[in-house]
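For reference, the chains in residue letters:
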Amino acid sequence: MKQRIELATNAIKKARKSLNKQFYPHYHLAPYAGWLNDPNGLIYHDGLYHAFYQHHPFSSLWGPMHWGHATSEDMIHWQHQPIALAPGDEYDKDGCFSGSAVSHEGKLYLFYTGHIWLNGANDDSAIHQTQCVAISDDGIHFEKKGVVIPSPEGFMHFRDPKVWFQDGKWWMVVGARDALDQGQILLFSTTDLLNWNDEYQTLAKTEDKNVYMWECPDFFPLGNHFITLFSPQGKKSQDYQFRNLYQNGYLVGQWAPDQPYEITHQFSELDFGQDFYAPQTFLAKDGRRIAMAWMDMWESHMPSQEHGWSGCFTLPRELVLNDQGKIIANPIEELKTLRQDEKIIPSTILIKNTDILINENATCCELELVWDLQNSSAEKFGFWIGNGIQFYIDNQNQKLTLSRHYPKYIISDSRSTELPKTKQLKIRAFIDKSSLEVFINDGEQTFSCRIYPQDSDYTLKLFAINQSAKLDNGTFWNLERAI
Ligand code: FRU
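This one's a predicted model, so the numbers in the text were calculated from it and none came from an experiment.

S.K.: Please explain the overall build of the protein as it appears in this structure.
M.R.: Looking only at helices and strands, the protein has one helix and 34 strands in total. For 483 residues, the compact-globule estimate of 2.2 N^0.38 gives 23 Å, and the C-alpha radius of gyration of the protein, at 22 Å, lies within 12% of that figure. Taking the principal axes of its C-alpha atoms as reference, the protein extends roughly 65 × 50 × 40 Å. Across the protein, every contact between residues at least 6 apart in sequence was considered, and the portion connecting residues at least 24 apart equals 59%. Looking at the protein as shown, the accessible area adds up to about 19200 Å², and 46% of this sits on carbon and sulfur atoms. Counting 43 positive and 60 negative side-chain charges, the protein places the centres of these two groups 5 Å from one another.

S.K.: What's the story with the sheet that holds strand β21 (residues 327–331) in this structure? I'm lost.
M.R.: The strands making up a sheet associate through hydrogen bonds between their backbones, and the pairing can be parallel or antiparallel. Pairing is antiparallel in the open sheet, where four strands are placed in the order β17-β18-β20-β21. Of all the strands in the sheet, the pair left with one neighbour each is β17 (277–283) and β21. Across the sheet, the mean angle from the axis of one strand to that of its neighbour is 35°, orientation sign disregarded. Relative to strand β20 (residues 317–321), strand β18 (residues 289–294) runs antiparallel, the two being bridged by two bridges. For Ala291, the partnering residue across the bridge sits in β20 and is Arg317.

S.K.: I would appreciate a short explanation of the side chain of Asn244 in the present structure.
M.R.: Its location among the elements puts Asn244 in the loop between β14 (225–233) and β15 (249–254). Within the structure, Asn244 has its side chain in polar contact with the backbone oxygen of Gln274 (distance 3.5 Å). Those residues in contact with Asn244 that sit more than four places away from it in its chain are Gly273, Gln274, Asp275, Met297 and Arg415.

S.K.: Honestly, unusual backbone geometry in this entry has me stumped. Any pointers?
M.R.: If a residue is not glycine, its phi is most likely negative; likewise, a peptide bond is most likely trans. Positive phi, normally seen in glycine, also occurs at Asp167, with a value near 50°. Along the polypeptide, Asp167 turns up in the loop between β9 (157–166) and β10 (169–177).

S.K.: Would you mind going over the site of the ligand with me for this structure?
M.R.: Within the structure, the ligand sits among 13 residues, and Asp38, Gln54, Arg159, Asp160 and Glu215 are positioned closest to it. Contact distances for the ligand include 3.1 Å between an oxygen atom and a side-chain N or O atom of Asn37. Between the ligand and Asp38 there is a distance of 2.7 Å, counted from an oxygen atom to a side-chain nitrogen or oxygen. For the ligand, the accessible surface in isolation is 320 Å², of which the surrounding protein chains cover 96%. Going through the elements one at a time, β1 (34–45), β5 (95–104), β9 and β13 (213–222) are the ones with two or more residues in the shell around the ligand. Tallied by class, residues from the shell around the ligand come to six nonpolar, three polar and four charged.

S.K.: I tried to follow the pairing of strand β32 (residues 445–450) on my own but got confused; where do I start?
M.R.: Put simply, side chains in a regular strand alternate between the two faces of the sheet. With six of its six residues buried, β32 lies for the most part within the structure. Where strand β31 (residues 435–440) and β32 come together, six bridges link them in antiparallel fashion. Across the sheet, Glu437 pairs through a bridge with Ser448, a residue of β32. Adjacent in sequence and paired antiparallel, β31 and β32 are bridged by four residues, among which Asn441 carries a positive phi angle near 40°.

S.K.: Honestly, the pattern of salt bridges in this entry has me stumped. Any pointers?
M.R.: Two side chains with opposite charge may pair up if their charged atoms get near one another. Scanning the entire structure with this criterion turns up 28 salt bridges. Salt-bridge contacts for Asp89 lead to Lys144; the nearest nitrogen and oxygen are separated by 2.8 Å. With Asp89 in the loop between β4 (78–85) and β5 and Lys144 in strand β8 (residues 143–149), this residue pair connects regions lying 55 residues apart in the sequence. For Lys144, a relative accessible area of 15% translates into the label buried. One salt bridge in this structure joins Asp271 and Arg317, with 3.1 Å as the shortest N-O distance. On the criterion of sequence distance, the pair formed by Asp271 in the loop between β16 (262–269) and β17 and Arg317 in strand β20 is long-range, its members being 46 residues apart.

S.K.: Got a minute to help me understand helix α1 (residues 2–17) in this structure?
M.R.: Within an α-helix, residues lying three or four positions from one another point in the same direction, as the helix has 3.6 residues per turn. If you check α1, its first and last C-alpha atoms are 23 Å apart, about what 16 residues at 1.5 Å a residue would give, namely 22 Å. Every buried residue of α1 is listed here: Ile5, Ala8, Thr9 and Ile12. Down the axis, α1 shows its buried residues gathered within 100° of arc, on one side only. Structural note: α1 exposes Gln3, Leu7, Lys14 and Lys17 on the side pointing more than 90 degrees away from its buried face. Looking at the packing, one finds that the buried side of α1 touches β2 (48–56), β3 (66–72) and β4.

S.K.: Looking at this structure, how should I read the environment of Ala329?
M.R.: Within the secondary structure, Ala329 is located in strand β21. According to the relative accessible area criterion, Ala329 is buried, its value standing at 4%. Distance from Ala329 to Ala291, taken between C-alpha atoms, is 8.6 Å for residues 38 residues apart in sequence.

S.K.: It is not clear to me how the packing of aromatic side chains should be interpreted in this structure. Could you clarify?
M.R.: In this description, an aromatic ring pair is defined by two values, namely the gap between the centres and the angle between the planes. For the structure shown, the criterion picks out 43 aromatic pairs. For the ring pair Phe242 and Phe267, a centre distance of 6.1 Å and an interplane angle of 45° mean the geometry is tilted. Note that Phe242 is positioned in the loop between β14 and β15 and Phe267 in strand β16, a separation of 25 residues in sequence. Residue classification places Phe242 among the buried residues on the basis of a relative accessible area of 8%. Aromatic rings pair up to connect Trp35, Trp62, Phe97, Trp117, Tyr246, Tyr277, Trp294 and Trp298 into one cluster.

S.K.: Looking at this structure, how should I read the nonpolar core?
M.R.: General note: in soluble globular proteins, nonpolar side chains tend to be found buried as a group. Within the largest apolar cluster, 91 residues are counted, with the highest numbers of intra-cluster contacts made by Trp371, Phe383, Ile427 and Leu436. Not counting residues within four places of it along the chain, the set of residues in contact with Leu436 comprises Met295, Phe383, Ile385, Ile389, Leu402, Ala429, Phe430, Ile431, Phe447, Ser448, Cys449 and Ile451. Val102, Met172, Val174 and Leu186 belong to the second largest nonpolar core, which has 18 residues in total.

S.K.: What am I meant to see in the side chain of His115 here?
M.R.: Along the chain, His115 turns up in strand β6 (residues 107–117). When its relative accessible area of 1% is taken as the criterion, His115 is described as buried. Leaving out residues up to four positions away in the same chain, His115 has contacts with Tyr91, Asp92, Lys93, Asp94, Gly95, Phe97, Ile127, His128 and Gln129.

S.K.: Please explain the state of the cysteines as it appears in this structure.
M.R.: A covalent bond between the sulfur atoms of two cysteines is what we call a disulfide. Applying the stated criterion across every chain yields a total of zero disulfides. Looking at the unpaired Cys365, the closest cysteine sulfur is the one in Cys364, lying at 7.1 Å. Residue classification places Cys365 among the buried residues on the basis of a relative accessible area of 0%.

The rules behind the values
Counting starts from 1 at the beginning of each chain's written sequence and moves along it residue by residue. Per-residue local features are limited, in this predicted model, to residues with pLDDT of at least 70; the limit for side-chain atom pairs, both in listing and counting, is 80 or more; totals at the level of whole chains, interfaces and linings are taken over all residues. The basis for every side-chain value is the complete set of non-hydrogen atoms in the structure, without hydrogens or water. Elements are defined by DSSP. Helices are runs of H or I of four residues or more, strands are runs of E of two residues or more, and each kind is numbered from the N terminus. Atoms counted for the radius of gyration: C-alpha only. Globule rule: 2.2 Å times residue count to the power 0.38. For this analysis, residues touch if any pair of their heavy atoms sits within 4.5 Å. What sets the accessible areas is the Shrake-Rupley method with a 1.4 Å probe; for residues, cover comes only from the shown protein chains. In this count, Lys and Arg are taken as positive residues and Asp and Glu as negative ones, while His and the chain termini are left out. Just so you know, the charge point we use is NZ for Lys, CZ for Arg, CG for Asp and CD for Glu. Whether two strands pair depends on DSSP finding at least two bridges between them. Every axis in this analysis is a line fitted to C-alpha atoms, fitted for helices over the stretch in contact. Angles between the N-to-C directions lie between 0 and 180 degrees. What qualifies as a polar contact is a pair of N or O atoms within 3.5 Å, subject to a donor-acceptor requirement within protein and to the restriction that residues adjacent in sequence count only when both atoms come from side chains. One heavy atom within 4 Å of a molecule or strand makes the whole residue count as near it. Each residue is assigned to one class: nonpolar for Ala, Val, Leu, Ile, Met, Phe, Trp, Tyr, Cys and Pro, charged for Asp, Glu, Lys and Arg, and polar for all the others, Gly among them. Accessibility here uses a 1.4 Å probe with only protein chains present; expressed as a share of the type maximum, an area under 20% marks a residue as buried, one over 50% as exposed, and anything in between as partly exposed. For this analysis, a salt bridge means a side-chain nitrogen from Lys or Arg found within 4 Å of a carboxyl oxygen belonging to Asp or Glu. By this rule, a helix spans an expected 1.5 Å times one less than how many residues it contains. By arc we mean the arc of the directions from the helix axis to the C-beta atoms, nothing more. Planes of paired rings set the category: under 30 degrees apart is stacked, over 60 is edge-to-face and the rest tilted, where pairs are Phe, Tyr or Trp rings (Trp by its six-membered ring) whose centres lie within 6.5 Å. Nine residue types can take part in a nonpolar core, namely buried Ala, Val, Leu, Ile, Met, Phe, Trp, Tyr and Cys, and a core is a set of them joined through side-chain atoms within 4.5 Å. Note on terminology: pairs of cysteine sulfur atoms within 2.5 Å are recorded as disulfides.

Here it is in structure tokens:
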């Protein structure tokens, strides 16, 4: 593996020198070259945050999966590290697929899926997947130790292990698709990280018969409940819900070791934007539960591929559970350290069809707006980023909508969710070259998507269409470059 890692790491170093920066983020983790998808092995270990990711170092298209690696002291400033895992052993010949990390007795353990195509590349109907482990003493160089859990009978799609320690045991959840093509999560346990018991329980299973696979499961306590976070495939869209190719969301329930999982709240989406998939959570050093996701979607157009790289993570978000069993997600506090050039936007009334310029070159910034919903009768009001993005309150339909229009890249779509029934609406938006993340009413709803403006198309404006809208207050900051 050493040679393959050196080859890939050197290829990235070389490509970095000629990186086309048009869409490259300033404070989101992304590869300098090659492809990135799911966050893997997120962990605080030995004084540093580690983020690994699904990575093809030699192409901006998906291919034989490696694990890319970056480290950080604060989850914002990331330092790229040598590639951690490369495929090529008998059991992971065609890919080191997604997984997780644990820190144990000073060592860093990576649990991942060894992937093999049985009929040549890219034929999902004949694959073999097993759960494997690799170990590191220094947190940078990993030694593979092979398969720890073979695929159970009847499960061909069996991947994305998430491991944690609880009540004297190690536990692992794995995403699976049974012989009847039903998505589910299998639960394994052990007292010895290198020797797992092959027996499993089905922790949770789809009730929606269209859902054939649950990818990237995570299972963790939040408040006094247990959350099952996963990415179901096959869910049909319903009205304005579930419009992405694949979904992401969570169940809320109660669980104790060796007890069945009792679901108290059914499936809810974690984010309402176009680009949010395969999130994984971890504990920050002070115990906060943090999630990061892949801010893209399978089969979407990814214009940065022409520049030799693709894929980035969302901002790290702190998750808490509210009394209604809903996850509240907010960007981590540490992000405030990037704020500069504060500009206060005074309280104002936007009369019909007017707009207000906030910034002419909003490439790397944060915007906070508080709208008075009770005194805003405009049909639509919100903000524009150039000609490509509108984020608005749709008064007529009582919806919040994020719409994108980049005909040059054949991207034109919109996503909506219900407008909260509050007197004011607080919007916090983060723009970073090719991404937009919006947090509503202190994290009650979030929208994440990739944006692809031309260099001259980053004008940030507030707008109101037909009748007026009242802004109670707002603030704009440029954000310092972190990466
Ligand atoms: C989710 C996923 C995982 C798999 C990985 C392969 O996006 O399909 O299930 O492990 O990506 O790159």
